[in-house]
Amino acid sequence: MGSAVTRRSFLRAVGIAGGAGVLFETMGALGLAPTAADAAGRPFVPPSRADFALSGRKAPKVVILGGGIAGLATAYELGKAGYDCRILEAKNRPGGRNWTVRGGTVERELGGYEQRATFAPGLYLNAGPARIAQFMLTLDYCRELGVAIEPFVNQNADAYVYYQNAGPMSDVRTTDRAVKADTYGYISELLAKATTQGALDAELSADDKDRLMAFLEDFGALTRTGGEWRYTGTDRRGYSVLPDAADHPGTVLGPPPSLHNVLASQLGRNLSFELGWDQAMMMFQPIGGMDRIPYALADRIGGHRIEYQAEVLEVTDQPDAVHVRYRDAKGRQRMAQGDYCVATLPAYLMARVPNNLGAAVKAALEYPTRVHVGKLGLEYRRRWWEEDDRIYGGITNTDLDISQIWYPSHGYHGKGGVLLGYYTQGPGTDAFDRMSPADRIKHALAQGVKIHGPKYAKEVVSAFAVAWDRIPHIETGWVAWPSWTSGQYDLLNQPHGRVYFAGEWLTRFMGWQAGAFLSARYVVSEIHQRALATPR
């Protein structure tokens, strides 16, 4: 078995003697095909052409419904083994919710409103995913596909915090830096008092108390006053007048608000955001827009394998094939046929497609709840957030309808840029969804003025407001599972006849591209294992 010819001859003999099942098991033992243990968590090994060549068989045909990340990744990985993949995508572009709005982008909403983006060349809005954590599989695909990346500033101490309903500190603009210093400082002061007054003696040894006090002094920037540890504010809060040359040390911002005001205003309500395992710095983004990823996948797959403006009308599973009826770009009804079908449409959309997969599958597809999401891109000719406010990337948090303002993490010191004027998700998004795009923009600008002043509205050049619930063939940002254990999630992660489902909604990475890649890999392994074990 030292040569490829000898190995191939051996495998053919095994196939003749024992059938496809025995052949597949033998290939798995030799490391030439995935085994059941692979599906249980071993590193993903892409299918290869040798898997079929060694058995003298032809790779199957696969019809893929949806050209989002899950559909593209499925075709890309199966294509490595020579599968004849065909993607049916209802929109006129690849990517699905991975959508980068640029100058010239046109979108007509389900309610009839149409927008045309007029952003200057090189400027864009990542209307869907906009950031990638370091541990995510998405970065591996960027490397493999040659998609260059750059840092995404997910947290910036100089961005603002502005709460309109914040008790004694309502309508007060402050910096994330000051909020963090005051919150951590006062919490450290309270814990220091509890420690020195013996409240923690049952929990801490004398040495532990000393170690804890040393930590709190540093973490909270505490000073000892009158025998007590106190937080009084330091330059961690920032400066009202920056230090200068010679004898100008600057003026530290202060004094800090009282402990009562900090707690009553809940100023620290967003500080835990940066501790989230999927949000912690550093984060990254593709240079030039997030859609570099789907376009790179589409290029590797080949344009002849993707049919755009192809709307799926019906899916019929048969014992030996899957038939997919669809409407093409010219309105004609067509039929696509494959040995297998991978449906990557969002669950609620797939539930509307007539099929013969059974009532349980339909009910499972209808089970996840939709999460409303909206984004707004605001173009400015002048990067005033850098020039005037010294903010380079990052996010301002608010309790206004706009929720957040994002400052671009690219194009620094350029002539213009696009801010994210709002990023809403959940029930609060309804306020914008019900409006026309023009009214969404007007409402968002009025709220942004409260934080940044008149220039926020006066200097805007153009805007593009995305209400994902109203985007045809998508209709929401992502979904949520009311329960992971009630059976629907597991049911849709299984094949139904020759039909498989894939998408980030079938992983624990809800709303992340990494989930779409993981789901695609899972289905690819399942189909490949089945194809190699199926007599032909």
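This is a predicted model, so every value here is computed, not measured. (Residues numbered from 1 in each chain as written. Predicted model: local features only at pLDDT ≥ 70, side-chain atom pairs only at ≥ 80, totals over all residues. Heavy atoms only, no water.)

Participant: So what exactly am I meant to see when it comes to the overall build of the protein here?
Facilitator: A count of helices and strands for the protein gives 17 helices and 28 strands. Projected onto its principal axes, the C-alpha positions of the protein cover 90 × 60 × 50 Å. Considering the protein as a whole, with its 536 residues, one finds that 51% of them fall into the buried category. Across the protein, the fraction of contacts at a sequence separation of at least 24, relative to all contacts at a separation of at least 6, is 68%. Within the structure as shown, the protein displays about 23900 Å² of accessible surface, and the carbon and sulfur contribution to it stands at 52%. Taking the average place of the 58 positive charges on the side chains of the protein and the average place of its 56 negative ones, the gap between the two points comes to 8 Å. (Helix = DSSP H or I, 4+ residues; strand = E, 2+ residues; numbered from the N terminus. Buried < 20%, exposed > 50% of the residue type's maximum accessible area, 1.4 Å probe, protein only. Contact = heavy atoms within 4.5 Å. Areas by Shrake-Rupley, 256 points an atom, 1.4 Å probe, with all protein chains shown as cover. Lys, Arg positive; Asp, Glu negative; His and termini not counted. Charge placed at Lys NZ, Arg CZ, Asp CG, Glu CD.)

Participant: What am I meant to see in the nonpolar core here?
Facilitator: Soluble, globular proteins show a tendency: their nonpolar side chains are buried together. The biggest cluster of nonpolar side chains holds 71 residues, and the ones touching the most others in it are Tyr83 and Ile293. Top contributing element to this core by residue count: helix H17 (residues 513–533), with nine residues. Setting aside residues up to four positions removed in sequence, isoleucine 293 forms contacts with Ile69, Asn98, Ile132, Thr138, Cys142, Leu145, Val147, Pro286, Gln513 and Phe517. Judged by nonpolar contacts, the second largest core, of 32 residues, contains Leu65, Leu349, Met350 and Val361. (Core = buried A, V, L, I, M, F, W, Y, C linked by side-chain atoms within 4.5 Å.)

Participant: Where do I start with the environment of arginine 97 in this structure?
Facilitator: If you trace the backbone, arginine 97 turns up in the loop between strand E2 (84–89) and strand E3 (100–102). Judged by its relative accessible area of 24%, arginine 97 is partly exposed. With 255 residues separating them along the chain, arginine 97 and arginine 352 place their C-alpha atoms 19 Å apart. Discounting chain neighbours no more than four positions away, the residues touching arginine 97 are Gly128, Pro129, Trp468, Ile474, Thr476, Gly477, Trp478 and Glu504.

Participant: I would appreciate a short explanation of helix H9 (residues 292–301) in the present structure.
Facilitator: Owing to its 3.6 residues per turn, the α-helix brings residues three or four apart onto one side. Taken together, the buried positions of H9 are occupied by Ile293, Pro294, Ala296, Leu297, Ala298 and Ile301. Downstream of H9 by one or two residues, glycine 302 has phi in the positive range, about 105 degrees.

Participant: Help me understand the sheet that holds strand E28 (residues 499–501), please; the structure alone is not making it clear to me.
Facilitator: Whether parallel or antiparallel, the strands of a sheet pair through hydrogen bonds between backbone atoms. Ordered in space as E16-E2-E1-E20-E28, the five strands form an open sheet in which the pairing is parallel. On the outer flanks of this sheet lie strand E16 (306–308) and E28, each paired with one strand and no other. In this sheet, neighbouring strand axes are inclined to one another by 20 degrees on average, regardless of whether the strands run parallel or antiparallel. Strand contacts of H17: strand E20 (340–343) and E28, with the helix running at about 155 degrees to E28, the strand carrying the most contacts. (Pairing = 2+ DSSP bridges. Axes fitted to C-alpha atoms, helices over the stretch in contact; angles between N-to-C directions.)

Participant: Teacher, can you tell me more about the pairing of E20 here?
Facilitator: The side chains of a regular strand alternate between the sheet's two faces. Going residue by residue along E20, you find Tyr340 and Val342 tucked away on one face and Cys341 and Ala343 tucked away on the opposite face as well. Inspection of the sheet shows E20 paired to E28 by three bridges, in the parallel sense. Bridge assignment links valine 342 to a residue of E28, and that residue is tyrosine 500.

Participant: Teacher, can you tell me more about the UniProt feature "domain: Amine oxidase" (unreviewed entry) in the protein here?
Facilitator: In the UniProt entry, the feature "domain: Amine oxidase" (unreviewed entry) is given for residues 69–527. Here residues 69–527 runs as 29% helix and 25% strand, with 18 Å between its end C-alpha atoms. (UniProt positions renumbered as here; feature names shortened; annotations may be inferred.)

Participant: I would appreciate a short explanation of the pattern of salt bridges in the present structure.
Facilitator: Per the counting criterion, the structure on display carries 30 salt bridges. For glutamate 189, the salt bridge identified is with arginine 230, shortest N-O distance 3.7 Å. Taken together, the residues span a long stretch of sequence, with glutamate 189 in helix H6 (residues 176–196) and arginine 230 in strand E12 (residues 228–230) at a distance of 41 residues. Residue classification places glutamate 189 among the buried positions, given a relative accessible area of 5%. Residue classification places arginine 230 among the partly exposed positions, given a relative accessible area of 35%. The salt bridge involving aspartate 388 is made with arginine 382; its shortest N-O contact spans 3.0 Å. Each of Arg382, Glu387, Asp388, Asp389, Lys455 and Glu459 takes part in one network of salt bridges that share partners. (Salt bridge = Lys/Arg side-chain N within 4 Å of Asp/Glu carboxyl O.)

Participant: Looking at this model, I keep getting lost on unusual backbone geometry. Mind explaining?
Facilitator: Excluding glycine, a negative phi dihedral is what most residues carry, and trans is how most peptide bonds are arranged. Of the consecutive residues glycine 254 and proline 255, the connecting peptide bond is found in the cis state with omega at -5 degrees. Tracing the sequence through the fold places proline 255 in the loop between strand E14 (251–252) and helix H8 (259–265). Cis geometry marks the peptide bond from methionine 281 to methionine 282; its omega dihedral reads -5 degrees. Relative to the helices and strands, methionine 282 resides in the loop between H8 and strand E15 (283–286). Despite not being glycine, alanine 221 shows a phi value in the positive range, around 55 degrees.

Participant: How should the packing of aromatic side chains be read in this particular structure?
Facilitator: The way to describe two aromatic rings as a pair is by their centre distance and the angle between their planes. Taken as a whole and assessed by the stated rule, the structure comprises 25 aromatic pairs. Both rings, one in phenylalanine 135 and one in phenylalanine 509, keep their centres 6.3 Å apart while their planes meet at 45 degrees; by these two values the pair is tilted. In this pair, phenylalanine 135 is assigned in the loop between strand E7 (132–133) and helix H5 (137–145) and phenylalanine 509 in the loop between E28 and H17, connecting sequence segments 374 residues apart. Judged by its relative accessible area of 17%, phenylalanine 509 falls in the buried class. Among the aromatic residues, those joined into a ring-pair cluster are Tyr367, Trp481, Trp484 and Tyr489. (Phe/Tyr/Trp six-rings, centres within 6.5 Å; stacked < 30°, edge-to-face > 60°.)

Participant: Teacher, can you tell me more about the environment of leucine 242 here?
Facilitator: Among the structural elements, leucine 242 can be located in the loop between strand E13 (239–241) and E14. In the structure, leucine 242 is positioned 10 residues away from valine 252 in sequence and 8.0 Å away in space, judged by C-alpha atoms.

Participant: Just to check I follow, could you spell out the sheet that holds E7 for this structure?
Facilitator: Within the open sheet, the three strands sit side by side as E7-E15-E8. Their pairing is antiparallel. In this open sheet, the two edge strands, each paired with only one partner strand, are E7 and strand E8 (149–152). As paired strands, E8 and E15 are joined by four bridges and run antiparallel to one another. For isoleucine 149, the partnering residue across the bridge sits in E15 and is proline 286.

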